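Spelled out from the first residue to the last, the chains are:
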Amino acid sequence: MIRQGLLICLTFIPFISLFFVVPTIEIENSMAIVHTIGLIVILSGINVWLAMMCAWWLLWTDSKWKHVIEWLVFLPLFIPMLATLFGLYLILAEAGLIGTYVGVTLALLVVTIPYSIRLAYNGMAVIGRPLLEQARILPSRRRVIYVLYPLFSRLMRTIALFTTVILLSQFALIQLIGAGLIPTVTTELYQSYAGNNRGLALSNTWMLILFPVLLYFLLSGWDRYMVRMLKGRLQ
């Protein structure tokens, strides 16, 4: 009981002070919200698609290069973020993508995709090849709709939420790659954290919490709808 209580305290202590102020939204640049929503949708979709495809390939391939490719895919997980950040800056600068929406999207994708692939690979490994082998006899469309999606819908939701949280945590990457020209909620609210306005900083924190919470409920509702629809088709 003591360990559970300690775990709860460590989890919720950072959020206690949020209830001492009235939540407000003070973002002068409305495009920051538009950019943030756009990046969440684009990155979540690409991460889910690429992670599932790569994890599926790693699970089934018998290539002798499998372990090399797996090592290269997961290598960024063990490299400090600053090294990745400045390496990305040099590459994108040569390509002329600094200060562009495409450059910021590519940079965030490079940061998030290794985690997404690891989540997808672990999820498929837990289910195991014997169960998934039965789905391989189906046409690809029916296999995805009636087998893979119901099995991995929660995994996909986790990847989307994890991608969103990483995106909302990346101030330095967006500021450097975007050259200050691609505002997001994180970059707009950073000044309130760096300044002395404690009330404004606490209020703005609710904005960062709002996006993943809304995404969670939207994806949960979508999952329930899709499961009911698929069950109706199979009856």
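Residues numbered from 1 in each chain as written. Predicted model: local features only at pLDDT ≥ 70, side-chain atom pairs only at ≥ 80, totals over all residues. Heavy atoms only, no water.

For the protein, the name recorded in an unreviewed UniProt entry is ABC transporter permease subunit, with Exiguobacterium profundum as its organism. One UniProt comment on the protein, placed under Sequence similarities (unreviewed entry), says "Belongs to the binding-protein-dependent transport system permease family." Word for word, the UniProt comment on the protein under Subcellular location (unreviewed entry) is "Cell membrane". (UniProt positions renumbered as here; feature names shortened; annotations may be inferred.)

## Considering the packing of helix α5 (residues 101-127) against helix α7 (residues 140-169)
Orientation of α5 relative to α7, taken along the N-to-C sense of each, is 155°, at an axis distance of 10 Å. Classified by the interaxial angle, the pair formed by α5 and α7 is roughly antiparallel. Of the two possible hands of crossing, α5 and α7 adopt the one that is right-handed. Residue-level contacts link L108, V111, T112, Y115, S116, L119, A120, G123, M124 and I127 of α5 to L151, F152, L155, T158, I159, F162, T163, I166 and L167 of α7. Of the residues that constitute the contact of α5 with α7, the class distribution is 14 nonpolar, 5 polar and no charged. (Axes fitted to C-alpha atoms, helices over the stretch in contact; angles between N-to-C directions. Helix = DSSP H or I, 4+ residues; strand = E, 2+ residues; numbered from the N terminus. Parallel < 35°, antiparallel > 145°, perpendicular 65-115°, else oblique. Left-handed = near helix turned anticlockwise from the far one by under 90°. Contact = heavy atoms within 4.5 Å. Nonpolar A, V, L, I, M, F, W, Y, C, P; charged D, E, K, R; others polar.)

## A short note on the layout of surface pockets
Volume-wise, the largest pocket comes out at about 740 Å³. Taken together, 27 residues make up the lining of the largest pocket; nearest its centre are S44, G45, V48, W49 and M156. Of all the secondary structure elements, the ones that give two or more residues to the lining of the largest pocket are α2 (31-60), α7 and α10 (198-234). Across the lining of the largest pocket, the residue classes break down as 20 nonpolar, 4 polar and 3 charged. (1 Å grid on protein atoms, 1.4 Å probe; cavity = no way out; pocket = protein on both sides within 12 Å on 5 of 7 lines; lining within 4 Å. Points joined across faces, edges and corners; volume = space filled by probe spheres on them.)

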